[in-house]
Amino acid sequence: MSRSSRLLARAKEVIPGGVNSPVRAFKAVGGDPPFIARGEGSEMIDVDGHRYIDLIASWGPLILGHANTAVLGATMAAASRGSSFGAPTEGEVEMAEEICSRVASVDKVRLCSSGTEATMHAMRLARGFTGRDLVIKFEGCYHGAHDAMLVKAGSGVATFSDGKATTEPGSPGVPTDVAKNTLVAPYNDAQAVEDLLKAHDGKVAAVMLEPVAGNMGCIAPAPGYLDALRALCTKHGALLIFDEVMTGFRLARGGAQELFGVQADLTCMGKVVGGGYPLAAFGGRVDIMDRLSPVGPVYQGGTLSGNPVAVAAGLSTLRQLDNAAYDRLEQVGAGIEKGLASAVAYHGCSFKRVGSMFTIFFRDTAPTRFDEVQQCDLDAFGRFFRAALSGGVYMPPSQYEAAFLNTAMTDAQVNKVIDGLQSALVAAMQD
Ligand code: PMP
């Protein structure tokens, strides 16, 4: 028995499913997750000594790879000065200035500790600001594990309901009284949003979406889609909230908003902003942000918000993300896409990439919305995943997830990914 198997057996006795977040389990793809001992650059090494090229990157944050030297130095220095104070620190100001200078639509920002908190607080703020209760979200978008957003959600919610995450609410325990305030539209369909805004005229506080969806596999916004949502929100007095927890600082210096030239009213950030530590943020227009307590009446807070060690890791990460870093990410992504193109087409699959996020879909054309992802061959994906893992490439264990690249990847590792995934495609088609 491997050390990973023994650890999983022990874990299952004391942790539900043996994991502290459902997406880490291999329930959808078969097999058991290896327990990770350490990471080095683009690789993870498990407790049995197996090495994997890591295409999960802790589900997005590790854009510089594992144990980045500067991040390590910054966190050790911060930790040695004290772990948390519950009082303001200089680092928080520097972090807020860095975020505001990068994201054009963000005048002011508030730090918190997880993406879930960021979207939850942004939604409350939108409701408090507009005096309206309804919010619109999109099928297959995931905004964290809080009640209002667990409706037709992607990521683990979709994965563990065999892709049928269409019941409302999306989890037992979410009161129907809460879920009824969440309206759902198909992604990439502006008309559907217009219809909802007209049907509930004057009642919708916000439209929240992932500007590039990464929680139903990687799905790009159709040309003009984000602009159309921007115009609709302005017309109907609803706030446009971009959940850039995945895309923020990953797709460009200023996130997806910079890439697509669209400005949100509020933006949620997480993952990369904390460089692998628990840090997230939400920010936006000054007139909206100044409705937050203690300036305004909308309450929001957190004991560890703006934690000094997490802020140090995040600042060090963001300061390394210069134009050269984004060029490298694009080069790595384009190299993998090009290297896999003919194999993907040969096996009747499709490949969708936006910058350093990508998904191989087991469907002949890349999906543009959730119901199209549901048409993918999930059994073939499972065979593909298992073959890739045994070949040393660790993909996210679900068709409903995106793979993440990092700047530490060498050209040799890019080639290893291409070879490994080509072989895995062959294996997926054999059964
Ligand atoms: N929003 C998006 C777009 C996400 O991808 C995630 C996490 N995958 C979240 C919110 C929630 O973030 P967290 O897991 O840090 O609470």
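Basis of the calculations
- Within each chain, residue numbers correspond to sequence positions counted from 1 in written order.
- Where local features are concerned, this predicted model is filtered to residues with pLDDT of at least 70; where side-chain atom pairs are given and counted, the filter is 80 or more; whole-chain, interface and lining totals use all residues.
- In this description, a nonpolar core means buried residues of the types Ala, Val, Leu, Ile, Met, Phe, Trp, Tyr and Cys, linked to one another by C-beta atoms lying within 7 Å.
- Residues are called buried when their C-beta atom has 20 or more other C-beta atoms within 10 Å, exposed when it has 12 or fewer, and partly exposed otherwise; all C-beta atoms are positioned from the backbone.
- Note on contacts: residues are paired as contacts if their backbone-placed C-beta atoms lie within 7 Å.
- In this scheme, strands are said to pair when DSSP sees at least two bridges between them.
- Segments assigned H or I by DSSP are reported as helices when at least four residues long, segments assigned E as strands when at least two residues long, and all are numbered from the N terminus.
- Given a helix with a known number of residues, its expected span is that number minus one, times 1.5 Å.
- An automatic or database domain assignment provides the domain bounds reported here.
- Under the scheme applied, nonpolar residues are Ala, Val, Leu, Ile, Met, Phe, Trp, Tyr, Cys and Pro; charged residues are Asp, Glu, Lys and Arg; polar residues are all the others, including Gly.
- Every axis in this analysis is a line fitted to C-alpha atoms, fitted for helices over the stretch in contact. Angles between the N-to-C directions lie between 0 and 180 degrees.

**Student:** Looking at this model, I keep getting lost on the nonpolar core. Mind explaining?
**Tutor:** One recurring pattern in soluble globular proteins: nonpolar side chains tend to sit buried together. With 134 residues, the main nonpolar core has Ala-126, Ala-206, Val-207, Leu-239, Ile-241, Ala-281 and Val-393 as its most contacted residues. If sequence neighbours within four positions are ignored, Leu-239 has contacts with Ala-126, Phe-129, Thr-130, Ala-205, Ala-206, Cys-233, Asp-265 and Leu-266.

**Student:** Would you mind showing me how to read the sheet that holds strand β3 (residues 51–54) here?
**Tutor:** Pairing between sheet strands relies on hydrogen bonds along the backbone, with the strands arranged either parallel or antiparallel. An order of β1-β2-β3-β13 is seen for the four strands of this open sheet, with the pairing classed as mixed. If you trace the sheet from one side to the other, it starts and ends with β1 (36–40) and β13 (393–394), each paired once.

**Student:** Where do I start with helix α8 (residues 225–236) in this structure?
**Tutor:** It helps to recall that an α-helix has 3.6 residues per turn; residues three or four apart then point in one direction. Helix length check: α8, at 12 residues, gives a terminal C-alpha distance of 17 Å against a target of 16 Å (1.5 Å per residue), a fit within 8%. Looking at the packing, one finds that the buried side of α8 touches α7 (190–199), β7 (204–209), β8 (239–244) and α9 (256–260).

**Student:** Is there a simple way to explain unusual backbone geometry in this structure?
**Tutor:** Only a minority of non-glycine residues have a phi that is not negative, and only a minority of peptide bonds are not trans. The residue after Ser-293, namely Pro-294, is reached through a cis peptide bond having omega 10°. Within the element layout of this structure, Pro-294 appears in the loop between α10 (286–289) and α11 (308–320). The phi dihedral of Phe-249 falls on the positive side, at around 65°, and the residue is not glycine. Position of Phe-249 among the secondary structure elements: in the loop between β8 and α9. According to the C-beta neighbour criterion, Phe-249 is buried, with 26 such atoms within 10 Å. For Lys-271, which is not glycine, the phi dihedral falls at a positive 45°. Turning to its location among the elements, Lys-271 is positioned in the loop between β9 (266–269) and β10 (280–284).

**Student:** How should the domain arrangement of the chain be read in this particular structure?
**Tutor:** One widely used convention gives an interface's size as the accessible area the parts lose upon coming together. Here the chain is described as being made up of domain 1 (3–67 + 322–430) and domain 2 (69–320). Each of domain 1 and domain 2 has a C-alpha centre, and these two points are 24 Å apart. The partner domain 2 presents 35 residues to the 34 residues of domain 1 that form the contact. At the level of elements, α12 (323–346), β11 (350–354), β12 (357–361) and α13 (370–373) are the ones that each hand at least two residues to the side of domain 1 that touches domain 2. The greatest single-element share of the side of domain 1 that touches domain 2, amounting to four residues, is contributed by β12. Across the side of domain 1 that touches domain 2, the residue classes break down as 20 nonpolar, nine polar and five charged.

**Student:** Is there a simple way to explain the sheet that holds strand β4 (residues 108–112) in this structure?
**Tutor:** Strand order in the open sheet formed by seven strands is β4-β10-β9-β8-β7-β5-β6, with mixed pairing between adjacent strands. Every interior strand has two partners, whereas the edge strands, β4 and β6 (182–185), have only one. Taken pair by pair, the neighbouring strands of this sheet meet at an average axis angle of 20°, ignoring direction. Here strand β5 (residues 134–138) pairs with β7 via three bridges, running parallel. Residue pairing for β7: Ile-136 is matched across the bridge by Val-207. Contacts from α7 reach β5, β6 and β7, with the element oriented near 150° to β6.

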